[in-house]
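Listed here are the chains, written in short residue letters.
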Amino acid sequence: MAGQVVIVGAGLAGLRAAEHLRAAGWDRAITVVGAEEHLPYNRPPLSKDLLVGGTGAGGAAEAHAYAYRRSRSVADVRWRLGTPVVRASLRTRSVTLADGTVLTYDGLVVATGLRPSRAAIPGPDFGRYVLRTLDDALRLRERLVPGCSVVIVGGGFIGCEVAATARTAGCEVTVVEAGAEPMERAIGPELGRVLRRHHEDNGVRFVTGRVVSELLSDGPCERVTGAVLDDGTAIPADLIVESVGSRPNVEWLDGNGLDLHDGVECDNWMRVEGLPGVVAAGDVARFPNPRYDDVPRRVEHWSVTGDTARRAAATLAAHLGVRSHDDGPFTPLPSFWSDQYGVRVQSYGAPALGDRCVLLDGGLDHPRALTGGVAMAYYRDRQMVGVVLAGIPESRHRHYRELVADATVPPRTWTSERPAGGRAYWPGDVGGRPPEVIRPLTV
């Protein structure tokens, strides 16, 4: 097919890339290829309301309920679902699907996203779950019944969201986390400790500083009955949820001489290693953000998926000759949110880049610290790189977002004066009062 763009990945990044290509003026063929059988759907509810009910319909009806609304501009886009791409040749500008179909392209968008990492734990497979797709969530939902004993391996955001949801469903929940506190890598141990207490107040048990070394079974049926920790402690379990990170889906690009050690490396225009006509979008893409530095990083945040899709589509449209090239820097401000027992945890920026944190609002020592809300800023050198809010009213979020946005203006736009239209916020210069410096942040 002449004049075709192929988008590999039928999630949010793939959908938004198609929409932005149309908006940029590409009116010729677009084919989106996806491994799942479902049209693009909203993933954040998978660890929240869908696990405790959703529509209750299951399967295709559930997928329809959580599907993204597609703009009219992509009504003519061809969707090849349930048949993943298994191989690509950047030299011949073609991709091969699992059923043997070969698609040639003039432009390629890499948007294959992630899959859950699996914990290398010996023992039975029946009763072990991960959570990434709609089908993963539907399988897990069937098992989350009142009285069920759930052991969650990994205390990151997904693990903690599943813990909150399972506890709400009446399950007995234990979270095993190798670090000192849950969510420590993303928000640091101080705020992690506050959120752990919040979970414990709702009946979740945490075991920190330990790892699961073995899974127990009931014998002939090889069904999970428990988890053994590295200190020999045995924890009864009817099911195990593994939440130990993710891996980019890049194997289909092997053999093209690309650096695929952590996703697909891109430049600031989202071109894959600077190659013309090949761009990437979403959490598979590793790109530099001048807001912080020139180091390419993957960002697994919902907001950045849309940002990178827009940038990738604009770059590809310029290559295809339907719009002019955008020479401006691409400086998205990452953000993510999590709901846990009715408390909203909201992050702006890149807190994990910080080397120290500063308490902007609230207190950490009160047993009910989240009642009044907590705001924590994260600094690298003298630059605020992120802020995390927990229990802060939504009406105050914009203020904190602007603190980070103003403080992380790309270096090329800075002068000896404070930036026009904004201000830089250093320690001791936040909200008109000296903030409390909590600690050096180890990352």
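Residues numbered from 1 in each chain as written. Predicted model: local features only at pLDDT ≥ 70, side-chain atom pairs only at ≥ 80, totals over all residues. Heavy atoms only, no water.

### Topic: the sheet that holds strand β6 (residues 102-104)
The pairing of strands in a sheet comes from backbone hydrogen bonds and takes either a parallel or an antiparallel form.
Link 1 in the chain: Strand order in the open sheet formed by three strands is β4-β5-β6, with antiparallel pairing between adjacent strands. Strands with a single pairing partner mark the edges of an open sheet, and in this sheet they are β4 (85-89) and β6. Adjacent strand axes in the sheet meet at a mean angle of 20°, parallel and antiparallel pairs treated alike. (Pairing = 2+ DSSP bridges. Helix = DSSP H or I, 4+ residues; strand = E, 2+ residues; numbered from the N terminus. Axes fitted to C-alpha atoms, helices over the stretch in contact; angles between N-to-C directions.)

### Quick word on the packing of aromatic side chains
Link 1 in the chain: Under the criterion given, the structure shown has two aromatic pairs.
Link 2 in the chain: Measuring from centroid to centroid gives 4.9 Å for Phe157 and Phe336, while their planes differ by 70°, and the two rings are edge-to-face. Taken together, the residues Phe157 in helix α4 (residues 157-168) and Phe336 in strand β22 (residues 335-340) connect sequence positions 179 residues apart.
Link 3 in the chain: The interplanar angle of 40° and the centroid separation of 5.6 Å between the aromatic rings of Phe287 and Phe330 together place this pair among those described as tilted. Of this pair, Phe287 sits in strand β20 (residues 285-287) while Phe330 sits in the loop between α6 (302-319) and β22; the two residues are 43 residues apart in sequence, bridging distant segments of the chain.
Link 4 in the chain: The exposure class of Phe287 is buried, given its relative accessible area of 3%.
Link 5 in the chain: We classify Phe330 as buried; its relative accessible area is 9%. (Phe/Tyr/Trp six-rings, centres within 6.5 Å; stacked < 30°, edge-to-face > 60°. Buried < 20%, exposed > 50% of the residue type's maximum accessible area, 1.4 Å probe, protein only.)

### Some thoughts on the environment of Arg93
Link 1 in the chain: Secondary-structure assignment places Arg93 in the loop between β4 and β5 (94-97).
Link 2 in the chain: Considered as a pair, Arg93 and Thr104 are 11 residues apart in the sequence and their alpha carbons are 5.8 Å apart.
Link 3 in the chain: Discounting residues that sit within four places of it in the chain, Arg93 has contacts with Leu103, Thr104, Tyr105, Asp106, Gly107, Pro276, Gly277 and His319.
Link 4 in the chain: Among the polar contacts listed, one links the side chain of Arg93 to the backbone oxygen of Asp106, at a separation of 2.4 Å. (Contact = heavy atoms within 4.5 Å. Polar contact = N/O pair within 3.5 Å; in protein donor to acceptor, adjacent residues only side chain to side chain.)

### Details of the pattern of salt bridges
Link 1 in the chain: Summed over the entire model, instances satisfying the criterion amount to 30 salt bridges.
Link 2 in the chain: When the shortest N-O distance is used, the salt bridge between Arg196 and Glu181 registers 2.6 Å. Pair noted here: Arg196 is in helix α5 (residues 184-201) and Glu181 is in the loop between β11 (172-177) and α5, with a separation of 15 residues, a long-range link.
Link 3 in the chain: On the basis of relative accessibility, which here comes to 6%, the residue Glu181 falls in the buried class.
Link 4 in the chain: When the shortest N-O distance is used, the salt bridge between Glu200 and Arg196 registers 3.1 Å. Of the two residues, Glu200 and Arg196 both sit in helix α5, four residues apart, roughly one turn of that helix.
Link 5 in the chain: A single network of salt bridges, built from pairs that share partners, joins Arg118, Asp125, Arg128 and Glu242. (Salt bridge = Lys/Arg side-chain N within 4 Å of Asp/Glu carboxyl O.)

Geometry only, nothing functional implied.
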